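Summary of the model geometry
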Amino acid sequence: MVHDANANFDATPLLFPLKQGERDQLVRQCRFRRFAPGEHIIDGQSDSRDVFFVIEGTVRVVNYSLSGREVALDDIPAGGFFGELAALDGGPRSAFVMAQGGEAVTAAMPYEVFLGLLSSKPLLGLEIMKRLTRIVRQATERIMDLSTLGANNRVHAELLRQAWSSPNDGRSATITPIPLHADIASRVSTTRETVARVLNDLARSGILERKKNSLVVRDMSRLAMLVEDVRGI
């Protein structure tokens, strides 16, 4: 169903320390599947425990509020993985994961294989610990933003995060592709209308410039000040 599985699987950074024969063996133990755009790969609170590696495309990790509003938690591109929490502690899934943008191909590794891999390869276990640490730090930052920032400033903070993770020289950054208003709204728990208004205000003030295929943050220091002044940093 999925061609060149070995080559694509080899592109997973977590597995780089393994020898080629070890990676080939893991490929044979995984189940490969293609998902249509928007199709759920795992459902929150389900009791499955497989660990998934993203072979092609991008997947989005989301949860839903009681009112049904989608809250985006993370986007994971090809080479990334997800589902390790349930594999490690045996608890239910903590979020939903779906194919984002276009089709996605995943390799589902049985949790027994994953746990055996961590037990036999301490370096991989260390990488998982580092990933979990990043998740905790990001969650802490997000909780602080939701607790201390208004909707406008949460949009500022999200744009600043995207700017720092995009090509930049410390003064300006180019975010490509242009983030959808709905995606930003989902990440910072606000409305698309609020996002549109904030982006227009930033453009009028010269901090932001919208080009054909990209969003240019022209002054990252001014954008940072909009966030830091409210945070009290």
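Residues numbered from 1 in each chain as written. Predicted model: local features only at pLDDT ≥ 70, side-chain atom pairs only at ≥ 80, totals over all residues. Heavy atoms only, no water.

1. What about the packing of helix 5 (residues 122–148) against helix 6 (residues 151–164)?
Helix 6 packs onto helix 5 with a crossing angle of 150 degrees between their chain directions and a minimal axis gap of 10 Å. In terms of orientation, helix 5 lies roughly antiparallel with respect to helix 6. Residues Glu-141, Asp-145 and Leu-146 of helix 5 form the contact with helix 6, whose participating residues are Arg-154, Ala-157 and Arg-161. Here the residues of the contact of helix 5 with helix 6 sort into 2 nonpolar, no polar and 4 charged. (Axes fitted to C-alpha atoms, helices over the stretch in contact; angles between N-to-C directions. Helix = DSSP H or I, 4+ residues; strand = E, 2+ residues; numbered from the N terminus. Parallel < 35°, antiparallel > 145°, perpendicular 65-115°, else oblique. Contact = heavy atoms within 4.5 Å. Nonpolar A, V, L, I, M, F, W, Y, C, P; charged D, E, K, R; others polar.)

2. Regarding the nonpolar core
With 22 residues, the main nonpolar core has Phe-9, Leu-15, Leu-26, Phe-53 and Met-109 as its most contacted residues. Contributions of two or more residues to this core are made by helix 2 (20–29), strand 3 (51–64), strand 6 (96–109), helix 4 (111–120) and helix 5. Broken down by element, the residue count for this core peaks at 4 residues, all from helix 4. By size, the runner-up hydrophobic cluster in this structure holds 20 residues, among which are Ala-173, Ile-175, Leu-202 and Leu-208. (Core = buried A, V, L, I, M, F, W, Y, C linked by side-chain atoms within 4.5 Å. Buried < 20%, exposed > 50% of the residue type's maximum accessible area, 1.4 Å probe, protein only.)

3. Remarks on the sheet that holds strand 7 (residues 173–175)
In spatial order, the strands read 7-9-8; together these 3 strands make up an open sheet with antiparallel pairing. A single partner strand is all that each edge strand has here, and the edge strands are strand 7 and strand 8 (208–210). Strand-to-strand, the axes of this sheet are offset by a mean angle of 20 degrees, without reference to chain direction. With 3 bridges joining them, strand 8 and strand 9 (residues 215–217) adopt antiparallel strand pairing. (Pairing = 2+ DSSP bridges.)

4. What about the environment of Val-227?
Of note, Val-227 is situated in helix 9 (residues 220–231). Assessed through its relative accessible area of 1%, Val-227 is described here as buried. Contacts of Val-227, omitting those with residues within four sequence positions, involve Leu-149, Asn-153, His-156 and Ala-157.

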